[in-house]
Amino acid sequence: MVEVDDAHDGQRLDNFLLRLCKGVPKSHLYKAIRGGEVRVNRGRVPVDHRIAIGDVVRVPPFRLPETPVRFVPPSEFPIVFEDDALLAIDKPAGVAVHGGSGVDFGVIEQLRRARPEARFLELVHRLDRDTSGLLLVAKKRSALVGLHESLRNGLWNKHYLVLVAGDWVNDRQHVRKPLTKWTTQSGERRVRVDPDGQAAHTIFTLKRRYGLYSLLDAELKTGRTHQIRVHVTSCGFPIVGDDKYGDEHANAAAAGRGFRRMFLHAHTLAIPHPLTGESLALEAHLPADCVEFLQQLEHP
């Protein structure tokens with residue numbers, strides 16, 4: 001129970017809590033306010049409620065995230081394929097594909113720094129920061145144009161491996177749910193299912209059951225932002241370790257076993273070569289931490 005003093009008279013409740021609960025993710029605070037865990041004078045209030053001198057704010061216990069270890073970029077990322085036109089790397093989880101939004105560096109900046117002689121290096125597509133796996137970089141503008149054209153024409157065959165919380169029902173399931181982007185009150189960009197949104201289609205194939213978890217293959221038929229993450233969550237099976245759309249209890253249980261990342265990995269990619277048209281089949285194996293976690297689930 002925290003009593004409001006004159007220094008915070010008239011302040012918004014969410015800003016008051018952000019200052020009071022340093023280190024707690026904004027999403028946790030907003031969820032607690034909307035869920036009624038945070039109360040002012042024993043009553044539920046909205047996130048933009050203005051507090052006043054003498055108000056008593058009930059602040060529930062929050063689980064603080066572990067202090068992140070600052071990532072030191074490698075001189076090069078693991079290379080899956082490379083020729084004069086194209087570079088395919090295996091991106092580690094936790095690394096942004098480009099700098100900005102509070103990120104000092106990204107994959108593309110690091111590659112340019114490691115290859116000062118390269119005249120052209122451009123990202124072909126993107127992966128979420130917490131997603132690992134196959135990422136394409138064009139080494140020629142003609143390759144970049146060709147890859148974008150084949151992507152637009154639906155010639156890419158992209159598969160991800162994803163571990164979800166829950167016992168997945170169908171061996172193979174098509175999820176066709178349109179998606180739209182929106183912004184939370186805290187300014188965070190999110191995606192949700194929306195009948196008026198852009199068409200989105202994912203095919204999920206069950207790979208293995210682990211009791212309380214299921215390993216899926218996700219084939220992207222469209223490439224919307226956060227598509228896999230939102231589609232599985234909308235079906236009631238959030239991705240393990242997903243801090244945006246996932247389940248706090250499932251994430252905490254995985255963290256208790258030592259797994260502290262989102263289990264989403266860009267596993268295989270089949271594309272026509274942008275210059276020769278030759279079929280390329282690329283694969284990035286599951287990272288060691290994902291393999292170890294699956295082994296734990298297999299032998300609890």
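Everything quoted here is computed from the prediction, not taken from an experiment.

## Topic: the overall build of the protein
Then, number 1: Helices and strands together make up the secondary structure of the protein, namely 7 helices and 15 strands.
Then, number 2: C-alpha atoms of the protein, sized along the principal axes, occupy 70 × 45 × 40 Å.
Then, number 3: Buried residues in the protein amount to 43% of all 300 residues.
Then, number 4: Accessible surface, the protein as shown: approximately 15900 Å² in total, 49% of it carbon and sulfur.
Then, number 5: The distance from the centre of the 42 positive side-chain charges to the centre of the 37 negative ones in the protein is 3 Å.

## Some thoughts on the sheet that holds strand 3 (residues 56–58)
Sheet strands pair via backbone hydrogen bonds, and the direction of the pair is either parallel or antiparallel.
Then, number 1: The 3 strands are arranged 1-3-2 in an open sheet whose pairing can be described as antiparallel. Each having just a single partner strand, strand 1 (2–3) and strand 2 (39–40) make up the two edges of the open sheet.

## Structural notes on a negative patch on the surface
Then, number 1: Taken together, the side chains of Glu3, Asp5, Asp6 and Asp9 present a region of like negative charge at the surface.
Then, number 2: Relative to the helices and strands, Asp5 is located in the loop between strand 1 and helix 1 (13–20).

## Side note on helix 2 (residues 26–34)
Then, number 1: Along helix 2, the residues classified as buried are His28, Leu29, Tyr30, Ala32 and Ile33.
Then, number 2: Structurally, helix 2 contributes buried residues whose contacts are with helix 1 and helix 6 (248–256).
Then, number 3: Positive backbone phi, at 85°, marks Gly36, one or two positions downstream of helix 2.

## Topic: the pattern of salt bridges
Then, number 1: Scanning the entire structure with this criterion turns up 13 salt bridges.
Then, number 2: Arg229 is the salt-bridge partner of Asp128, the closest N and O atoms lying 2.9 Å from each other. Of this pair, Asp128 sits in the loop between strand 6 (122–123) and strand 7 (132–138) while Arg229 sits in helix 5 (residues 227–234); the two residues are 101 residues apart in sequence, bridging distant segments of the chain.
Then, number 3: Judged by its relative accessible area of 4%, Arg229 falls in the buried class.
Then, number 4: For the salt bridge of Arg209 with Asp167, the shortest nitrogen-to-oxygen distance reads 2.5 Å. Of this pair, Arg209 sits in strand 12 (residues 201–209) while Asp167 sits in the loop between strand 8 (157–165) and strand 9 (172–176), placing them 42 residues apart in sequence.
Then, number 5: You can call Asp167 partly exposed: its relative accessible area is 44%.

## Focus on the packing of aromatic side chains
Then, number 1: Per the stated rule, a full pass over the model turns up 5 aromatic pairs.
Then, number 2: On the numbers, 6.0 Å between centres and 75° between planes, the contact of Tyr213 with Phe293 is edge-to-face. Here Phe293 lies in helix 7 (residues 288–298) and Tyr213 lies in strand 13 (residues 213–220), a separation of 80 residues in the sequence. Pair check on accessibility: Tyr213 and Phe293 agree, each one buried.
Then, number 3: The ring centre of Tyr245 lies 5.6 Å from the NZ or CZ of Arg190, which sits over that ring.

## Thoughts on unusual backbone geometry
What you tend to see is this: most non-glycine residues have negative phi, and most peptide bonds are trans.
Then, number 1: For Asn41, which is not glycine, the phi dihedral falls at a positive 55°.
Then, number 2: Inspection of the secondary structure puts Asn41 in the loop between strand 2 and strand 3.
Then, number 3: Taking the relative accessible area as the measure of exposure, Asn41 reaches 44% and is therefore partly exposed.
Then, number 4: Positive phi values are uncommon outside glycine, yet His226 reaches one of about 55°.
Then, number 5: The topology assignment puts His226 in the loop between strand 13 and helix 5.

Rules used in this analysis
Residues numbered from 1 in each chain as written. Predicted model: local features only at pLDDT ≥ 70, side-chain atom pairs only at ≥ 80, totals over all residues. Heavy atoms only, no water. Helix = DSSP H or I, 4+ residues; strand = E, 2+ residues; numbered from the N terminus. Buried < 20%, exposed > 50% of the residue type's maximum accessible area, 1.4 Å probe, protein only. Areas by Shrake-Rupley, 256 points an atom, 1.4 Å probe, with all protein chains shown as cover. Lys, Arg positive; Asp, Glu negative; His and termini not counted. Charge placed at Lys NZ, Arg CZ, Asp CG, Glu CD. Pairing = 2+ DSSP bridges. Patch = residues over 30% accessible without salt bridge, like charges linked within 9 Å, V, L, I, M, F, W, Y side chains within 5 Å. Salt bridge = Lys/Arg side-chain N within 4 Å of Asp/Glu carboxyl O. Contact = heavy atoms within 4.5 Å. Phe/Tyr/Trp six-rings, centres within 6.5 Å; stacked < 30°, edge-to-face > 60°. Lys NZ or Arg CZ within 6 Å of the ring centre and 35° of its normal.

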